[in-house]
Amino acid sequence: NKFGILFSNLGEYNTTRPSYVRNCAFHNGYSVAIGILNSNSIPIENNVIYRTIDYSILVQKGHSNIIRTNLVILNYWSSSFLTWQAPFDLKSLGAIDLSDTDAIVLENNYVAGAERMGINYKGSICDGE
């Protein structure tokens with residue numbers, strides 16, 4: 001994957017040199033707008049993301065990241081462009097994909113037009129039945 005902005009292997013959030021994406025617009029990136037890999041507690045807030053492929057926001061391996069009040073518009077599936085590949089492409093992709101992360105804050109996000117899933121998240125493990 002290619003990324004507009006990528007936070008990779010930052011570990012714990014550093015208050016003296018904070019990393020975040022707030023109040024930004026991503027237009028026609030045709031790739032992942034924002035990625036967080038192996039990093040914790042990074043806020044992604046109040047952004048507008050228009051026309052991406054496969055993912056708009058991708059968070060993998062990390063915890064306590066904050067995805068709040070973002071708008072994603074027109075998220076395409078890459079196999080829409082490579083039509084010969086479409087029958088074999090069984091990936092479950094979310095415009096906001098949090099399926100490989102733990103303990104995330106996910107509030108007030110909107111997805112308007114996704115060819116696969118809007119939000120893909122595994123949820124939290126609960127005690128009891």
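Refer to the preceding data block for the structure.
Procedures and definitions
- Throughout this description, residue numbers start from 1 for each chain and increase along the sequence as written.
- Reporting of local features is limited, given that this is a predicted model, to residues whose pLDDT is at least 70; pairs of side-chain atoms are given and counted only at 80 or more, and all residues count toward the totals for whole chains, interfaces and linings.
- To get the side-chain values, all heavy atoms of the structure are used, and hydrogens and water are removed first.
- Working definition: helices are DSSP H or I runs of at least four residues, strands are E runs of at least two. Numbering for both runs from the N terminus.
- A radius of gyration in this sense is built from C-alpha atoms; the matching globule rule multiplies 2.2 Å by the number of residues raised to 0.38.
- Here, residues are in contact when the closest pair of their heavy atoms is within 4.5 Å.
- Using a 1.4 Å probe on the protein chains alone, a residue whose accessible area is under 20% of its type maximum counts as buried, one over 50% counts as exposed, and one in between counts as partly exposed.
- We treat two strands as partners when DSSP finds at least two bridges between them.
- A carboxyl oxygen of Asp or Glu within 4 Å of a side-chain nitrogen of Lys or Arg is what we treat as a salt bridge.
- Helix axes are fitted only over the stretch in contact, all axes being lines through C-alpha atoms; the angle between N-to-C directions runs from 0 to 180 degrees.

Asker: Go over the overall build of the protein, please, and point to the residues and values.
Answerer: Secondary structure summary: the protein contains zero helices and 13 strands in total. In the protein, the succession of α and β elements from N to C terminus is β-β-β-β-β-β-β-β-β-β-β-β-β. For the protein, the C-alpha radius of gyration of 15 Å lies close to 14 Å, the compact-globule estimate for 129 residues. Viewed in the frame of its principal axes, the protein has a C-alpha envelope of about 45 × 40 × 25 Å. Relative to all contacts within the protein whose residues are 6 or more apart in sequence, the contacts with residues 24 or more apart total 54%.

Asker: With reference to specific residues and values, describe the environment of Asn-120.
Answerer: Tracing the backbone through its elements, the reader meets Asn-120 in strand β13 (residues 117-120). Along the sequence, Asn-120 and Ser-99 sit 21 residues apart, while their C-alpha atoms lie 5.7 Å from each other. With sequence-adjacent residues up to four places away left out, Asn-120 is seen in contact with Ser-92, Gly-94, Ile-96, Asp-97, Leu-98 and Ser-99.

Asker: Outline unusual backbone geometry, supporting the account with residue identities and numerical values.
Answerer: Excluding glycine, most residues fall at negative phi; most peptide bonds, likewise, are trans. Positive phi values are uncommon outside glycine, yet Asn-9 reaches one of about 55 degrees. With respect to the helices, strands and loops of the structure, Asn-9 is situated in strand β1 (residues 3-11).

Asker: Tell me about the pairing of strand β4 (residues 32-39), residues and numbers included.
Answerer: In terms of residue burial, β4 counts as a mostly covered element, since seven of its eight residues are buried. Pairing geometry for β1 and β4, over six bridges, is parallel. Counted as the bridge partner of Ser-8 is Leu-37 from β4.

Asker: Can you explain the sheet that holds strand β8 (residues 66-68)? Please cite residues and give values.
Answerer: Each strand in a sheet pairs with another by means of backbone hydrogen bonds, the pair being arranged parallel or else antiparallel. In space, the four strands of this open sheet follow the order β2-β5-β8-β11, with parallel pairing throughout. Edge positions in the sheet fall to β2 (21-22) and β11 (105-107), since each has one partner strand and no second. Pairing between β8 and β11: three bridges, direction parallel. Its bridge partner being in β11, Arg-68 is matched across the sheet by Glu-107.

Asker: Before we move on, could you go through the pattern of salt bridges and cite the residues and values that matter?
Answerer: Here the structure, examined in full by the defined rule, presents five salt bridges. Between Asp-100 and Lys-61 there is a salt bridge; the shortest N-O distance is 3.1 Å. Residue Asp-100 is found in strand β10 (residues 94-102), and its partner Lys-61 is found in strand β7 (residues 57-63); the two are separated by 39 residues along the sequence. We classify Asp-100 as partly exposed; its relative accessible area is 31%.

Asker: Explain the sheet that holds β10 to me, and be specific about the residues and the numbers.
Answerer: Overall, parallel pairing links the five strands, which are arranged β1-β4-β7-β10-β13 in an open sheet. Each end of this open sheet is capped by a strand with a single partner; those strands are β1 and β13. Averaged over all pairs of adjacent strands, the angle between strand axes in this sheet comes to 10 degrees, irrespective of strand direction. Two elements, β4 and β7, share four bridges in a ladder whose sense is parallel.

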